[in-house]
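So the chains spell out like this:
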Amino acid sequence: MKRSIAFFFALTMIISCAALAAPRHGRLTPAQKNKIEQRVRALNQAQRIEARQAYQAKLVRLRRNVAASNLTARRRELIEAEIDRLEFELELLEAKQAVAAPVVQPSPVMRPAPPALQPKPVPKPPVRAMRHRSPQIGLSLGYAAGLPAIQAEARFHDVFDMVRTSFRIGATYAQGEDTDKVMRKHALLAVDGMYRLNPPHSQGFRSYVGGGLNYDVYTTGQKSGAMGYQLFYGVEAGPANSGQTFFEIGYGTIKTGFSPDNTGLMAMIGYKF
């Protein structure tokens, strides 16, 4: 008899411990579990996260309520059934979350590339405009106021730093008959100003215009003359830093002051160094 009582008591304790150790939602029926699983599968990722948070908060409240001592047996039974359902649904939600959550690899830290070293700009040497070599000594021959003539000259360029301007001092010897058929010799001093129409570095022919005054320093009979003039157009060829061949054509006059004036063509060809 005593053995029977001890065996019954031991069996009762084992069953009670097994019941306590088993999950509470194990008492849910297969139909209830199937319905809960369908509901969980219908939720998207965001809805599952929101449901988990809500169910966890609700479980805290229900477990606090079931611990109260003033509950009726029916009320306690309903709360425990709700707890079973929530725990089962939470397990499903956590399982789905674990499958759906991708493994996020930490992105490598992208460090900005060091700025490329920029070479310091090399200062360019100041650009100087090409200029004619100055002064230039030249020699030419041709006609002055219609008389055969030869001239030596000195040209100075960019006078007072005025670009494209030139100043010339020339000594001219001319010989010929005047309108009275008198053969005369003339030693002239000429001063001319010129403006170059092309910069010195231009290729090919460069042109210029000019004009000035001449003075008949000596004429036949050892007499001084008077002041005359000349106007001309000229072209030159050759590099600015070397010699140039030039040709000038225009109109001029030589005055003695006591005899007929010599007036006519001015045409000179020469070379300046």
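In this text, all values refer to a predicted model and were calculated from it rather than measured experimentally.

About the criteria used
For every chain, the first residue of its written sequence is number 1, and the numbers climb from 1 along that sequence. This being a predicted model, a pLDDT of at least 70 is required before a residue's local features are given, and a value of 80 or more before pairs of side-chain atoms are given or counted; all residues contribute to the totals for chains, interfaces and linings. The basis for every side-chain value is the complete set of heavy atoms in the structure, and neither hydrogens nor water enter the calculation. Starting at the N terminus, helices and strands are each numbered in turn, a helix being any DSSP run of H or I of at least four residues and a strand any DSSP run of E of at least two. When a residue's accessible area, from a 1.4 Å probe over protein chains only, is under 20% of the maximum for its type it is buried; when over 50% it is exposed; and in between it is partly exposed. A contact between two residues is defined here by any heavy atoms of the two lying within 4.5 Å. Areas reported here follow the Shrake-Rupley algorithm with a probe of radius 1.4 Å; residue values treat only the protein chains shown as occluding. Take the buried residues of types Ala, Val, Leu, Ile, Met, Phe, Trp, Tyr and Cys, join any two whose side-chain atoms come within 4.5 Å, and each joined set is a nonpolar core. Criterion for a salt bridge: a side-chain nitrogen of Lys or Arg within 4 Å of a carboxyl oxygen of Asp or Glu. Multiplying 1.5 Å by the residue count of a helix minus one yields the expected span of that helix. Each direction from the helix axis to a C-beta atom contributes to the arc, which is the arc of those directions. Pairs of N or O atoms are called polar contacts if they sit within 3.5 Å, as long as, within protein, a hydrogen donor faces a hydrogen acceptor (for residues adjacent in sequence, only side-chain-to-side-chain pairs). Paired strands, in this sense, are two strands between which DSSP finds at least two bridges. Here an angle of 0 to 180 degrees is reported between the N-to-C directions of two axes, which are lines fitted to C-alpha atoms, with helices fitted over the stretch in contact. Centre distance within 6.5 Å is the pairing criterion for rings of Phe, Tyr and Trp, where only the six-membered ring of Trp is used; planes under 30 degrees apart are then read as stacked, over 60 as edge-to-face, and the remainder as tilted. In this scheme, the term charge over a ring applies when either NZ of a lysine or CZ of an arginine sits within 6 Å of the ring centre and within 35 degrees of the ring normal.

**Digging into the overall build of the chain**
- Scanning the chain from N- to C-terminus turns up 4 helices and 8 strands.
- Along its sequence from the N terminus, the chain presents helices and strands in the succession α-α-α-α-β-β-β-β-β-β-β-β.
- Scored against the burial criterion, the 273 residues of the chain give a buried share of 31%.
- Contacts in the chain between residues far apart in sequence, at least 24 positions, make up 56% of those at least 6 positions apart.
- Element-wise, carbon and sulfur atoms account for 65% of the exposed surface of the chain, whose accessible area totals about 18,200 Å².

**What to know about the nonpolar core**
- Judged by nonpolar contacts, the single largest core of 16 residues is most densely connected at Ile36, Tyr55, Ile83 and Leu93.
- It is helix α4 (residues 73-100) that provides the largest number of residues to this core, a total of 7 residues.
- Beyond its immediate chain neighbours, meaning those up to four positions away, Ile36 contacts Leu28, Arg85, Phe88, Glu89 and Leu92.
- Membership of the second largest hydrophobic core comes to 7 residues, among which are Ala144, Ala145, Ala174 and Ile254.

**Digging into the pattern of salt bridges**
- If you walk through the whole model with that rule in mind, you get 11 salt bridges.
- A salt bridge links Arg85 to Glu82, with the nearest nitrogen and oxygen atoms 2.4 Å apart. Of this pair, Arg85 and Glu82 both sit in helix α4, 3 residues apart, which is roughly one turn of the helix.
- A relative accessible area of 22% means that Arg85 is categorised as partly exposed.

**Let's talk about helix α3 (residues 45-66)**
- Taking 1.5 Å as the rise per residue, α3 with 22 residues should run 32 Å; its terminal C-alpha atoms sit 31 Å apart, in good agreement.
- Residues of α3 that are buried include every one of Arg48, Ala51, Tyr55, Leu59, Leu62 and Val66, and no others. Across the axial projection of α3, the buried residues extend over an arc of 75°, all falling on one side. Exposed residues pointing more than 90 degrees away from the buried face of α3 are listed as Ala46, Glu50, Gln53 and Arg64.
- A distance of 3.3 Å separates the backbone nitrogen of Ala46 from a side-chain oxygen at the start of α3, and that oxygen is part of Asn44.

**A short note on the sheet that holds strand β8 (residues 262-272)**
- Read once around its circumference, the closed barrel built from 8 strands follows the order β1-β2-β3-β4-β5-β6-β7-β8, with strand pairing classed as antiparallel. For this sheet, the mean inter-axis angle between neighbouring strands, taken without regard to orientation, is 25°.
- Pairing between strand β3 (residues 165-177) and strand β4 (residues 183-196): 13 bridges, direction antiparallel. Bridging across to β4, Thr172 finds its partner in Leu188.

**Some thoughts on the pairing of strand β6 (residues 227-237)**
- Here β6 shows a clear split, with Gly228, Gln230, Phe232, Gly234 and Glu236 buried on one side and none of Met227, Tyr229, Leu231, Tyr233, Val235 and Ala237 buried on the other.
- Strand direction decides the pairing type here: strand β5 (residues 206-219) and β6, joined by 10 bridges, are antiparallel. Its bridge partner being in β6, Val209 is matched across the sheet by Tyr233.
- Two strands pair when backbone bridges link them, and β6 and strand β7 (residues 244-254) are joined in this way by 9 bridges, in the antiparallel orientation.

**Observations regarding the packing of aromatic side chains**
- Enumeration over the complete set of coordinates arrives at 1 aromatic pair.
- A ring pair is formed by Tyr271 and Phe273, whose centres lie 5.0 Å apart and whose planes are at 75°; its orientation type is edge-to-face.
- The exposure class of Tyr271 is partly exposed, given its relative accessible area of 34%.
- Here Phe273 falls in the exposed class, since its relative accessible area comes to 54%.
- The ring centre of Phe246 lies 4.5 Å from the NZ or CZ of Arg155, which sits over that ring.

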